[in-house]
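So you can see what is in the structure, the chains are spelled out below.
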Amino acid sequence: MDCPCPKNLFLFLLSWIATLFSIKHHGPVNMVTTTNVGLNYGLLGDNLPSPSDVIKLYKSIGITKIRIFDPNTEVLNALRGHHEIELTVGVKDQDLAALAASEEAVKGWFASNVEPYLADVNITFITVGNEVIPGPIGPQVLLVMQSLTNLVKSKSLTISVTTVVAMSSLGQSYPPSAGMFTPQSREQLVPVLKFLSHARTPILVNIYPYFAYASNPVNISIDYATFNAKNVVVEDGAMQYTNMFDAIFDAFVWAMEKEGVKDVSMVVSETGWPSAGNGNLTTPEIAAMYNGNFVKHVGSGKGTPKRPNCSVTGFIFATFNENQKPVGTEEQFGLYEPTDLKPIYKLF
Ligand SMILES: *[C@@H]1O[C@H](CO)[C@@H](O)[C@H](O)[C@H]1NC(C)=O
Ligand SMILES: *[C@@H]1O[C@H](CO)[C@@H](O)[C@H](O)[C@H]1NC(C)=O
Ligand SMILES: *[C@@H]1O[C@H](CO)[C@@H](O)[C@H](O)[C@H]1NC(C)=O
Ligand SMILES: *[C@@H]1O[C@H](CO)[C@@H](O)[C@H](O)[C@H]1NC(C)=O
């Protein structure tokens, strides 16, 4: 199989060498490179710090990729001048119907939510819909992606237009080579994947070993779920898996291949582990273990068994515990307390 992203590996090696160089000369500020690690910046809380304080936090921990779920004006304005931070910004799900119905509406959306920031915010991705495929508004995703892509091209911008899909788009994921989309997601997703292949743009996928583990903690080992297994846990033909993250990632790659799509690269738009909300499966220690190992794993620049030559980029969910999310683990994925910006556990 051709690696769909050899450039990533090259860029990664360059940044890795740069990191080594800076450690040698300025002391060990950050022992793992965070080039490939982004943070999701969710805003479903009524006690969140100001966007400018949050951006200061990102800069202090060396985060250069963030994702916001909708084009929040305050966050966009606070990002002005911080070109080193690459922004992924989402189109709100509830806007999809209107945007799918009219190209003029897409132009209007772009003119108010993107254009005013182009000069001083580094917008790299626009995501059309968050986990709406498969579902009732799934069919609108491609229409909006097409209009936005045409618009971006007509303005000679380098913004990538894509969408975010959930693990539940997979009907089968074990072993990874059995990976297959559900019939409903297949119908909506395959045309999107063909479009992305043509546009040479990655698909964004949310990968949560936590949910798989929590659904069957008896038969799935915590070490496999948290990148802690010392030995191979899953043998799949010639491919050997020591962690569930790679296995889910590759199941998605296999599912795409079965639809004849071999050259679409994948970015992990969300992963993470809650630090509370589900008894002893969700402690700060386990969350620190998962996210810490995730940072090391993608920071190593290695790919997955199926795509060994493609380094993985992923965004941790989330920056803050968000008190307006559904009660339970949902509001406990944060790395920081919103009220005082204190880390819930040591990660960066
Ligand atoms: C903006 O992000 C791109 C990556 O998408 C990066 O190559 C570029 O250096 C960034 N721009 C600035 C001015 O830092
Ligand atoms: C765990 O594995 C055992 C033995 O294979 C099986 O009998 C049981 O149904 C499994 N439990 C779950 C929740 O999958
Ligand atoms: C949680 O507690 C149960 C019951 O004591 C135990 O069997 C299990 O190993 C614990 N799980 C973790 C992840 O600590
Ligand atoms: C990865 O790169 C190596 C060295 O260039 C090459 O031999 C190998 O075939 C590549 N593997 C895949 C799966 O593309």
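Residues numbered from 1 in each chain as written. Chains lettered and ligands numbered in written order. Predicted model: local features only at pLDDT ≥ 70, side-chain atom pairs only at ≥ 80, totals over all residues. Heavy atoms only, no water.

Colleague: Is there a simple way to explain the overall build of the protein chain in this structure?
Modeller: Broken down by element type, the protein chain carries eleven helices and twelve strands. The C-alpha atoms of the protein chain give 19 Å as radius of gyration, which agrees with the globular expectation for 348 residues (20 Å, within 12%). Seen through its C-alpha atoms, the protein chain measures out along the principal axes to roughly 55 × 45 × 45 Å. Expressed as a percentage of its 348 residues, the buried residues of the protein chain come to 52%. Counting only contacts in the protein chain whose residues sit at least 6 apart along the sequence, the fraction spanning at least 24 positions is 69%. Split by element, the accessible area of the protein chain, about 15,300 Å² in all, is 55% carbon and sulfur. Separation between the mean location of the 24 positive side-chain charges and that of the 30 negative ones in the protein chain comes to 8 Å. (Helix = DSSP H or I, 4+ residues; strand = E, 2+ residues; numbered from the N terminus. Rg over C-alpha atoms; globule rule 2.2 N^0.38 Å. Buried < 20%, exposed > 50% of the residue type's maximum accessible area, 1.4 Å probe, protein only. Contact = heavy atoms within 4.5 Å. Areas by Shrake-Rupley, 256 points an atom, 1.4 Å probe, with all protein chains shown as cover. Lys, Arg positive; Asp, Glu negative; His and termini not counted. Charge placed at Lys NZ, Arg CZ, Asp CG, Glu CD.)

Colleague: How should the nonpolar core be read in this particular structure?
Modeller: Soluble globular proteins tend to pack their nonpolar side chains together in the buried interior. Grouped together as the largest cluster of nonpolar side chains are 93 residues, with contacts concentrated most on Ile126, Leu148, Ile203 and Phe252. In terms of nonpolar packing, the next biggest core, distinct from the first, is built from five residues, Phe125, Leu204, Val267 and Phe315 among them. (Core = buried A, V, L, I, M, F, W, Y, C linked by side-chain atoms within 4.5 Å.)

Colleague: Mind showing me how you'd approach the confidence of the model for the protein chain here?
Modeller: As a general rule, the predicted coordinates of low-pLDDT regions are not to be interpreted in detail. Considering every residue of the protein chain, the mean pLDDT works out to 92; 91% of them sit at 70 or more. Per-residue pLDDT stays below 50 along residues 16–31; that stretch engages in seven contacts with residues further than four places along the chain or on separate chains. (pLDDT = per-residue confidence, 0-100.)

Colleague: Looking at this model, I keep getting lost on the packing of aromatic side chains. Mind explaining?
Modeller: A ring pair, where both rings are aromatic, is described by two values, the distance of the centres and the angle of the planes. Counted by the stated rule, this structure contains 17 aromatic pairs. Their ring planes at 75° and their centres at 5.1 Å tell us that Phe181 and Phe252 sit as a pair that is edge-to-face. In this pair, Phe181 sits in strand β7 (residues 180–181) while Phe252 sits in helix α10 (residues 244–258), placing the two residues 71 residues apart along the sequence. Phe181 gets classed as buried once you look at its relative accessible area, which sits at 4%. You can call Phe252 buried: its relative accessible area is 1%. Arranged with centres 5.4 Å apart and planes meeting at 70°, the rings of Phe245 and Phe294 form a pair that is edge-to-face. Taken as a pair, Phe245 in helix α10 and Phe294 in helix α11 (residues 284–299) lie far apart in primary sequence, 49 residues in all. Both residues of the pair, Phe245 and Phe294, belong to the buried class. The residue whose ring lies beneath Lys306 is Trp254, and the NZ or CZ to ring-centre distance is 3.7 Å. (Phe/Tyr/Trp six-rings, centres within 6.5 Å; stacked < 30°, edge-to-face > 60°. Lys NZ or Arg CZ within 6 Å of the ring centre and 35° of its normal.)

Colleague: Please clarify how the side chain of Asn321 should be interpreted in this entry.
Modeller: For Asn321, the location among the structural elements is in the segment after β12 (314–316). The exposure class of Asn321 is buried, given its relative accessible area of 12%. In this structure the side chain of Asn321 is engaged in a polar contact, spanning 3.4 Å, whose partner is the backbone nitrogen of Phe333. Apart from the residues lying within four places of it in its own chain, the contact partners of Asn321 are Leu48, Glu331, Gln332, Phe333, Gly334, Tyr336, Pro338 and Ile344. (Polar contact = N/O pair within 3.5 Å; in protein donor to acceptor, adjacent residues only side chain to side chain.)

Colleague: Before we go on, may I ask you to explain helix α2 (residues 51–60) in this structure?
Modeller: For an α-helix the count is 3.6 residues per turn, leaving residues at separations of three or four pointing the same way. Within α2 the residues assigned to the buried category are Pro51, Val54, Ile55, Leu57 and Tyr58. Buried residues of α2, viewed axially, fall in a sector of 155°; they line one side. With respect to the buried face of α2, the exposed residues turned more than 90 degrees away are Lys56 and Ser60. The elements touched by buried residues of α2 are β1 (37–40), β2 (65–68) and α3 (73–78). (Arc of directions from axis to C-beta.)

Colleague: Would you take a moment to explain helix α7 (residues 183–199) for this structure?
Modeller: With 17 residues, α7 should reach 24 Å at 1.5 Å per residue; the first-to-last C-alpha distance of 24 Å fits that figure. Along its length, α7 shows its largest kink, about 35°, at Leu189, and proline Pro191 lies within four residues downstream of that point. Taken as a whole, α7 has its buried residues at Ser185, Gln188, Leu189, Val190, Val192, Leu193, Phe195 and Leu196. Turning to α7, the residues buried within the fold contact α6 (140–154), β5 (160–165), β7, β8 (203–206) and α10. Arg200 sits one or two positions beyond α7 and adopts a positive phi of about 55°. (Expected span 1.5 Å × (residues − 1). Bend = angle between axes of the 7 residues up to and from the residue.)

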